[in-house]
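Spelled out, the chains give:
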Amino acid sequence: MEEEPQLQVEVQVEVEVPCYFLCPISLAIMRDPVTLPTGITYDRDGIESWLLTAATCPLTNQPVPADCDPTPNHTMRRLIQSWCALHAADGVDRVHTPKPRADRAAVATLVSRVHAAATTGSSAPQPQQQLLAALRELRDVAAESDRNRKLVAVVPGAVDVLAAVFAASANAKSEGTAAAVRDEALEVISSLQVPEQCLRRVAETNDALVSALVSALQRSSAASRARAALLLERVTAALPPSRLVSLPEQAFREAVELLRDRPAVSRSATKAALHVLMRTLAWGRNRVKAVDAGAVPVLVDMLFDDGAERRACELVLAALERLCGCAEGRADLVAHAAGVAAVGRKALRVSEVATDKAVRVLRSVARHAATAAVVQEMAQAGVVATLCLVAQSEQYAERTRERARETLRLHARAWRTSPCLHHHLQAVYPC
């Protein structure tokens, strides 16, 4: 009788990590231990991220100076490295010696160089080249990591200096050192994680910033146009309504041009242009400015892009809803050969938000721009049938359903005469 083979069970022993090797913030093994003046050691990534938004030691709650540069704890790092090497067979990863990293003092020095080169008062080649070199060094520092981008953003005066340099060089021609300065400054400032309150302060104190971004949208390369669009989105989100009402007409022309050129630009730039429209159309005469820039036909054409993301479609319909808040916007929509049909086409197909926005647009058209031809077009294009389905479907919010019913009531008498709609309308309004 053969003996059954014995199963060998491998028992993995869990290695207990010494508690003093763990960062008090992340509770993970420290890769680059540094010590604060309070005497507490943390992993560099954890404590530097903490100090960007707080000015205290997390464990002791003692104040930490704003210009504090944590001291590398080489002894602790060597102990951790030795322990990890000793337990490598147990699956413990090795801790490598960290590379030198940028600190506040080094970044502040770079910012001072940028400021000094930008304020020499001369357009001669040498100061411009010095400015370009300093900007490129600052760009390389920011490009290394999220930590560095946060660090540059919180160095006092850094965002103000970069915004001033960018605004001053925005009118440069497409080639030359000045144009390179403009693009480098834009690349750095658009990559930074600038707090909204800081961006608002800079935009309010630098009147030329918005105009400079509009100029960059008009003159720059595809990459710089995308960065300008993303930064303009953040600026318009930070500015108060009192500043948004005075946006130049060219800002809307360039935003619409970005949407028109969407096959050649990134999706993030397209979304940024949509957000700029969304955040500005509610104020002053901005809706008329956008209509004059050709926004309505471009947005309608975007509704036929079946490969568009759900959020992009929602933004398009939301922008159309705001544009239909003015007579010029409604006139452009009904004048488009497929305008009303395109809006109705997206209802029921994308999301509840998109359906609600589409119903709002159709209600605005039915209430304020419904000529006999438009009423007939809404029936023939299937828009009325779509409204009937929305009005009866319990998957939509009651407000959306009521808007659909309100739209149907506006011209129910005309639509009841259509044989293909009689059944749908009877279900909504039984005799």
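This write-up is about the structure you can find in this document. In this text the structure is predicted, and so the values were computed from the model without any measurement.

**Some words on the overall build of the protein chain**
Logical step 1: Across its full length, the protein chain holds 24 helices and three strands.
Logical step 2: Relative to its full complement of 431 residues, the protein chain shows a buried share of 47%.
Logical step 3: Taking the contacts inside the protein chain whose residues are at least 6 apart along the sequence as the reference set, 67% of them involve residues at least 24 apart.
Logical step 4: By element, 51% of the accessible surface of the protein chain is carried by carbon and sulfur atoms, the whole surface being about 21,900 Å².

**Examining the packing of helix α15 (residues 295–302) against helix α16 (residues 310–323)**
Logical step 1: Axis separation between α15 and α16 bottoms out at 10 Å; the angle between their running directions is 150 degrees. Put simply, α15 runs roughly antiparallel to α16. Once α15 is placed against α16, the crossing between them reads as left-handed. Taking contact as the criterion, the partners of A295, V296, L299 and M302 in α15 are, on α16, V316, A319, L320 and L323.

**Quick word on empty space enclosed by the protein**
Logical step 1: On inspection of all chains with the given rule, the structure shows three cavities of 30 Å³ or more.
Logical step 2: Looking at the largest cavity, its volume works out to about 120 Å³.
Logical step 3: If you go around the largest cavity, the residues you meet are E48, L51, L52, C68, D69, P70, A102, D103, R104, R147 and L151.
Logical step 4: For the lining of the largest cavity, the secondary-structure elements that each account for two or more residues are α1 (44–51) and α5 (146–154).
Logical step 5: Looking at the lining of the largest cavity residue by residue, the class counts come to six nonpolar, no polar and five charged.

The rules behind the values
Residues numbered from 1 in each chain as written. Predicted model: local features only at pLDDT ≥ 70, side-chain atom pairs only at ≥ 80, totals over all residues. Heavy atoms only, no water. Helix = DSSP H or I, 4+ residues; strand = E, 2+ residues; numbered from the N terminus. Buried < 20%, exposed > 50% of the residue type's maximum accessible area, 1.4 Å probe, protein only. Contact = heavy atoms within 4.5 Å. Areas by Shrake-Rupley, 256 points an atom, 1.4 Å probe, with all protein chains shown as cover. Axes fitted to C-alpha atoms, helices over the stretch in contact; angles between N-to-C directions. Parallel < 35°, antiparallel > 145°, perpendicular 65-115°, else oblique. Left-handed = near helix turned anticlockwise from the far one by under 90°. 1 Å grid on protein atoms, 1.4 Å probe; cavity = no way out; pocket = protein on both sides within 12 Å on 5 of 7 lines; lining within 4 Å. Points joined across faces, edges and corners; volume = space filled by probe spheres on them. Nonpolar A, V, L, I, M, F, W, Y, C, P; charged D, E, K, R; others polar.

Coordinates in, geometry out; function isn't part of it.
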